[in-house]
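# Structural characterization, general
Residues per chain, in single letters:
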Amino acid sequence: MSQQETPLFTGLVQHVKKKPIQFHIPGHKGGAGIDPEFGKFIGENALSIDLINIAPLDDLHHPKGMIKKAQQLAALAFGADHTFFSVQGTSGAIMTMVMSVCGPGDKIIVPRNVHKSVMAAIVFSGAVPVFIHPDIDPILGISHGITTEAVEKALHMHPDAKGVLVINPTYFGITADLKKIVEIVHSYNLPVLVDEAHGVHIHFHESLPMSAMEAGADMSATSVHKLGGSLTQSSILNIREGLISPQRVQSILSMLTTTSTSYLLLASLDAARKRLATEGRDLIDESINLANSIRSRVNSIPHLSCTGHEILQSKAVYGYDPTKLIISVKDLGINGYEAEKWLREVYQIEVELSDLYNILCIITPGDTEFEGNMLIEALKELSRQYGKSNEENINSVVFLPEIPLLAMTPRDAFYSDTEIVPFEDSAGRISAEFIMVYPPGIPIFIPGEIITEENLRYIRKNIDVGLPVQGPEDETLKTLKVIKEHKAIK
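Residues numbered from 1 in each chain as written. Predicted model: local features only at pLDDT ≥ 70, side-chain atom pairs only at ≥ 80, totals over all residues. Heavy atoms only, no water.

### What to know about the sheet that holds strand 9 (residues 305-306)
Selection rule: A pair of strands is labelled paired if DSSP reports no fewer than 2 bridges between them. Counting from the N terminus, the helices are DSSP H or I runs at least four residues long and the strands are E runs at least two residues long. The criterion used for residue contact is that any of the two residues' heavy atoms lie within 4.5 Å. Axis angles are defined between N-to-C directions and span 0 to 180 degrees, where every axis is a line fitted to C-alpha atoms and, for a helix, only to the segment in contact.
With antiparallel pairing, the four strands of this open sheet are ordered in space as 9-11-13-12. Single-partner strands in this sheet number two, and they are strand 9 and strand 12 (353-354). Against the sheet, helix 11 (residues 263-298) touches strand 9 and strand 11 (324-328), its axis set at about 10° to strand 11. Each of strand 12 and strand 13 (358-362) touches helix 12 (residues 336-347); the most contacted strand, strand 13, lies at about 50° to it.

Put into structure tokens, the structure is as follows:
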């Protein structure tokens, strides 16, 4: 097989050229039955390959033809034994990883700053999370990775765990010493699961951190759509045989996947894999050079900073992805959300995310010097507008709350008897719901954790500045759902 091939995309195009008469779904029948205005905007080519799993086009749930070949090419490209395509995003792939190794009551070792999909899988499977505290950056106010020492300690305390999940890289592009972590975990004969949502590109350039498959991990859920050029919601799940059964993985992924799989998404994965495998190194090289140029120019702007190699001083920061631009705005006297909003309203620039202290911009092969220059121009004006009146904010201290204590398993808490209490009165109670800032989707509280006043204050601070706090059933956050308390009978 050649990485120049696109068996799935090519097969779809060849099928469409035959102009078959369709007495099957989707009901728009190649665009003929769709709203004309929408159809014109989307284009007839896209609509023509919005098809369903009829026999000539293979079936994602039981691939034997073009999908199977496309997945085999992806496995070769990523250095995996097996690769499965996901049309349920990386969230679906992450849930598959956890549910493939854990059942009710099984322990799984995870960083506390995991994505909400990990916690959803823990609730679904009935697993018991053993949390490792991630290293916190006291200057940037963000969570990094986990140390090898913390992994070793967790395994020593919980040798009966079923696996260890690692985030590599983090949303902000930070990586741990993944190869060493894999060696430690494998010495206990346990699998390593990697949330590689933000690292599809790292496998294709020698200057970037080591990918999950290169490090010897057993499974990695990888967002091709985030940084690899496929359509939104399309991802892959890479498998290394040995400690993991690919048949069980396929079975669980199928349980979590729609039977109406999108061939637009699948074809985009096939095409993106080809480009990464054949042109990825050169394209990523250009992205790295552009990102480093922007980083250098940001660091010359008063009151702004964009971290680089100096971030490697922490134990939990073994490597970093330079295409992620973490731009600290706290010395301007404004928060990240205010900077994001200003960039949107004044310059029509959209960033990846903002938090209390930073904005995050990602550089991909889709960016050029033009976009980089626009960002620098905008940031210079942002500094001019806010910097002069805020000299006193230099080196302002970040505020990050302690990780809450887990009082009961997330599954037990999620399905327990609950009651609604005022937000202000919830400290000391056990949360029955998720509360997170999204993006990045890292929970502040998960079901089963004890609510603290410090964390409530952190939630209030995020709400006050306009950051998107999500999860609770009460969107106003005036009330929270907690585990019902049963008073003693007098």
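### Observations concerning helix 5 (residues 89-101)
Put simply, the rule is: Accessibility here uses a 1.4 Å probe with only protein chains present; expressed as a share of the type maximum, an area under 20% marks a residue as buried, one over 50% as exposed, and anything in between as partly exposed.
Burial runs high along helix 5: 12 of the 13 residues are buried. Of all the positions in helix 5, only Gly89, Thr90, Gly92, Ala93, Ile94, Met95, Thr96, Met97, Val98, Met99, Ser100 and Val101 are classed as buried.

### Brief notes about the packing of aromatic side chains
The cut-off we apply is this: Between rings of Phe, Tyr and Trp, where Trp is taken as its six-membered ring, a pair exists when centres lie within 6.5 Å; planes separated by under 30 degrees are stacked, by over 60 edge-to-face, and by other angles tilted. In this scheme, the term charge over a ring applies when either NZ of a lysine or CZ of an arginine sits within 6 Å of the ring centre and within 35 degrees of the ring normal.
Tallying each qualifying case throughout the model produces four aromatic pairs. Here phenylalanine 78 and phenylalanine 204 contribute two aromatic rings whose centre-to-centre distance is 5.2 Å and whose plane-to-plane angle is 80°, an arrangement assigned as edge-to-face. One end of the pair, phenylalanine 78, is in helix 4 (residues 66-78); the other, phenylalanine 204, is in the loop between strand 6 (192-196) and strand 7 (219-222), with 126 residues separating them in the sequence. Residue class for phenylalanine 204 comes out buried when judged on its relative accessible area of 11%. Ring centres 6.4 Å apart and planes at 50° place the aromatic pair tyrosine 171 and phenylalanine 172 in the tilted group. The same class applies to tyrosine 171 and to phenylalanine 172, which are both buried. Above the ring of phenylalanine 131, the side-chain terminus of arginine 112 is found at 5.4 Å from the ring centroid.

### Describing the packing of helix 5 against helix 10 (residues 246-255)
Convention followed: Working rule for angles: under 35 degrees goes down as roughly parallel, over 145 as roughly antiparallel, 65 to 115 as roughly perpendicular, anything else as oblique. Note on convention: the crossing is left-handed when the near helix lies turned anticlockwise from the far helix by less than a right angle, right-handed when the turn is clockwise.
Viewed as axis vectors pointing N to C, helix 5 and helix 10 meet at an angle of 130°, and their least axial separation amounts to 9 Å. If you check the angle between helix 5 and helix 10, you find them oblique. In the crossing of helix 5 with helix 10, the sense of the turn from one axis to the other is right-handed. Together, Gly92, Thr96, Met99 and Ser100 of helix 5 and Arg248, Val249, Ile252 and Leu253 of helix 10 make up the contact between the two elements.

### Thoughts on the pattern of salt bridges
Under the convention used in this document: Put simply, a salt bridge is a Lys or Arg side-chain nitrogen that is within 4 Å of an Asp or Glu carboxyl oxygen.
This structure, assessed with the given rule, holds 16 salt bridges. In this structure, arginine 275 engages glutamate 279 in a salt bridge whose closest nitrogen and oxygen atoms are separated by 3.9 Å. In this pair, arginine 275 and glutamate 279 are both assigned in helix 11, four residues apart and thus about one turn of the helix distant. For glutamate 279, a relative accessible area of 38% puts it in the partly exposed group. Through salt bridges with shared partners, a single ionic network connects Glu206, Arg281 and Asp285.

### Quick notes on unusual backbone geometry
Following isoleucine 25, the chain continues to proline 26 via a peptide bond in cis, the omega torsion being 5°. In this structure, proline 26 sits in the loop between helix 1 (7-17) and helix 2 (36-42). The amide bond that connects asparagine 168 to the next residue, proline 169, takes the cis arrangement and shows omega of 0°. Here proline 169 lies in the loop between strand 4 (164-167) and strand 5 (174-175). Positive phi values are uncommon outside glycine, yet leucine 477 reaches one of about 60°. Locating leucine 477 in the fold gives a position in the loop between strand 17 (469-470) and strand 18 (479-483).

### A look at the sheet that holds strand 15 (residues 435-437)
Sheet architecture is open: three strands sit in the order 16-15-17, paired in antiparallel fashion. Each end of this open sheet is capped by a strand with a single partner; those strands are strand 16 (442-445) and strand 17. One ladder, built from two bridges, connects strand 15 with strand 17; its direction is antiparallel. Bridge pairing in strand 17 links methionine 436 to glutamine 470. Those strands touched by helix 15 (residues 453-464) are strand 15, strand 16 and strand 17, and its axis lies near 125° from that of strand 16.

### Some details on the environment of methionine 210
Turning to its location among the elements, methionine 210 is positioned in the loop between strand 6 and strand 7. Residue methionine 210 is classed as partly exposed on the basis of its relative accessible area, which comes to 36%. With 133 residues separating them in the primary sequence, methionine 210 and leucine 343 have C-alpha atoms 33 Å apart. Once you skip the residues sitting within four places of it in the chain, methionine 210 turns out to touch Asn168, Lys179, Ile202 and Ala215.

### Details of the nonpolar core
Applicable threshold: What is meant by a nonpolar core is a set of buried Ala, Val, Leu, Ile, Met, Phe, Trp, Tyr and Cys residues, joined one to another through side-chain atoms within 4.5 Å.
One finds Met97, Ile108, Val118, Leu165, Met219 and Leu237 to be the most contacted residues of the largest nonpolar core, which totals 33 residues. Mapped onto this core, the elements with two or more residues apiece are helix 5, strand 2 (107-111), helix 6 (116-125), strand 4, strand 7, strand 8 (235-239) and helix 10. Per-element tally for this core: the top contributor is helix 5, with seven residues. Beyond its immediate sequence surroundings of up to four residues, isoleucine 108 is in contact with Val98, Cys102, Ile122, Ala127, Val128, Pro129, Val130, Gly163 and Leu193. Leu60, Leu266, Ala272 and Ile288 belong to the second largest nonpolar core, which has 30 residues in total.

### Let's talk about the environment of lysine 180
Secondary-structure assignment places lysine 180 in helix 8 (residues 178-186). A relative accessible area of 39% places lysine 180 in the partly exposed class.

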